Amino acid sequence: RSFNSIAMFGSSGLRWDGDGRKQEFPTLHVSPSLSSVLQIRPVLGRALLPEDADDAAGKVMMIGHEFWLSRLAGNPGIIGQTLRVDDAVRTVVGILPPGLEFPMERERGSGTGSIVKGGVQAFWMPLRIQGPDRTSRGARMFRVIDRLQPGVTRDAAETELATLSRRLAMDHPVSNRGGHFEPVGLRDKVLGRTRQGI
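Treat the numbers as computed from the prediction; the structure is a model and nothing was measured.

*Asks:* It is not clear to me how the overall build of the protein should be interpreted in this structure. Could you clarify?
*Replies:* Within the protein one finds 5 helices and 8 strands. Counting from the amino terminus, helix and strand elements in the protein follow one another as β-β-α-β-β-α-β-β-β-β-α-α-α. The burial tally for the protein puts 35% of its 198 residues in the buried class. In the protein, of all internal contacts separated by at least 6 residues, the share reaching a separation of at least 24 is 68%.

Okay, here's the thing in structure tokens:
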């Protein structure tokens, strides 16, 4: 109840078949709610929608503004067209804002699984969790970011998350014993928990 939007993301490098050769570019796999959490709007086209993450949905993607300018000459007609990425044809539905660095470059890695690469991303793909990771309680390779409800303090969110942690530890003692959630502000995550000097 403390949060009005929550998103999950992970990163990888995907190969784009363009300019007569395959090149790998940084990519985020995101739950469609990430645009809402970060409060960003595409420059052209639309953001990812919840239905884009369905297994039966067509393959779609958003592309980074820098990639759009440098590799596609800023062609506005790219919306609705397809690109071949990692040997799959995907429809471009939106262009991300310029200078969007997410996750931030200085963000430290945490948890288990692959390290999420920071900085400007060439592609945003809808996150589709398949196979055993869909139901495995040990699949923790993704990051979570959320936005607090208006008027909710960090202390209130921390209290609610502590209650959820205890409940999960009771319901799932093998996977959740000793685990806990801790809300960390994005500024603290990037810069560390600094305080103003005297």
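Let us keep going from here.
*Asks:* Explanation requested: the nonpolar core in the structure shown.
*Replies:* Burial of nonpolar side chains together is a common tendency in soluble globular proteins. Counting residues in each nonpolar core, the largest one holds 18 residues, and the members touching the most others are Leu34, Trp124 and Ile145. Going through the elements one at a time, strand E1 (3-18), strand E2 (21-30), helix H1 (34-38) and strand E4 (60-63) are the ones with two or more residues in this core. Broken down by element, the residue count for this core peaks at 3 residues, all from H1. Grouped together as the second largest cluster of nonpolar side chains are 16 residues, Met61, Phe67, Trp68 and Ile95 included.

*Asks:* Before we go on, may I ask you to explain the layout of surface pockets in this structure?
*Replies:* The method is simple in principle: a probe with the dimensions of a water molecule rolls over the atoms, and the space it marks as empty is what remains. Empty space within the second largest pocket amounts to approximately 200 Å³. Grouping the constituent residues of the lining of the second largest pocket by class yields 6 nonpolar, 2 polar and 3 charged.

*Asks:* Whenever I open this one, the pattern of salt bridges confuses me. Can you help?
*Replies:* Side chains that carry opposite charge are capable of pairing whenever their charged atoms lie near each other. Under the criterion given, the structure shown has 4 salt bridges. One salt bridge connects Arg15 with Asp87, and the closest N-O pair in it is separated by 3.7 Å. Taken together, the residues Arg15 in strand E1 and Asp87 in the loop between strand E5 (82-85) and strand E6 (88-95) connect sequence positions 72 residues apart. What makes Arg15 partly exposed here is its relative accessible area of 33%.

*Asks:* Teacher, can you tell me more about the pairing of strand E7 (residues 123-126) here?
*Replies:* Each regular strand carries side chains that alternate between the two faces of the sheet. The two faces of E7 match: Phe123 and Met125 on one face and Trp124 and Pro126 on the other face are all buried. Note that E2 and E7 share 4 bridges and pair parallel. The residue of E7 that forms the bridge with His29 is Met125.

*Asks:* What am I meant to see in empty space enclosed by the protein here?
*Replies:* Enumeration according to the criterion identifies 1 cavity of 30 Å³ or more in this entry. Forming the boundary of the largest cavity are Gly64, His65, Glu66, Leu96, Pro97, Leu100, Phe102, Gly119, Val120, Gln121 and Trp124. Per-class residue counts for the lining of the largest cavity are 6 nonpolar, 4 polar and 1 charged.

Parameters and conventions
- Residues numbered from 1 in each chain as written.
- Predicted model: local features only at pLDDT ≥ 70, side-chain atom pairs only at ≥ 80, totals over all residues.
- Heavy atoms only, no water.
- Helix = DSSP H or I, 4+ residues; strand = E, 2+ residues; numbered from the N terminus.
- Buried < 20%, exposed > 50% of the residue type's maximum accessible area, 1.4 Å probe, protein only.
- Contact = heavy atoms within 4.5 Å.
- Core = buried A, V, L, I, M, F, W, Y, C linked by side-chain atoms within 4.5 Å.
- 1 Å grid on protein atoms, 1.4 Å probe; cavity = no way out; pocket = protein on both sides within 12 Å on 5 of 7 lines; lining within 4 Å.
- Points joined across faces, edges and corners; volume = space filled by probe spheres on them.
- Nonpolar A, V, L, I, M, F, W, Y, C, P; charged D, E, K, R; others polar.
- Salt bridge = Lys/Arg side-chain N within 4 Å of Asp/Glu carboxyl O.
- Pairing = 2+ DSSP bridges.

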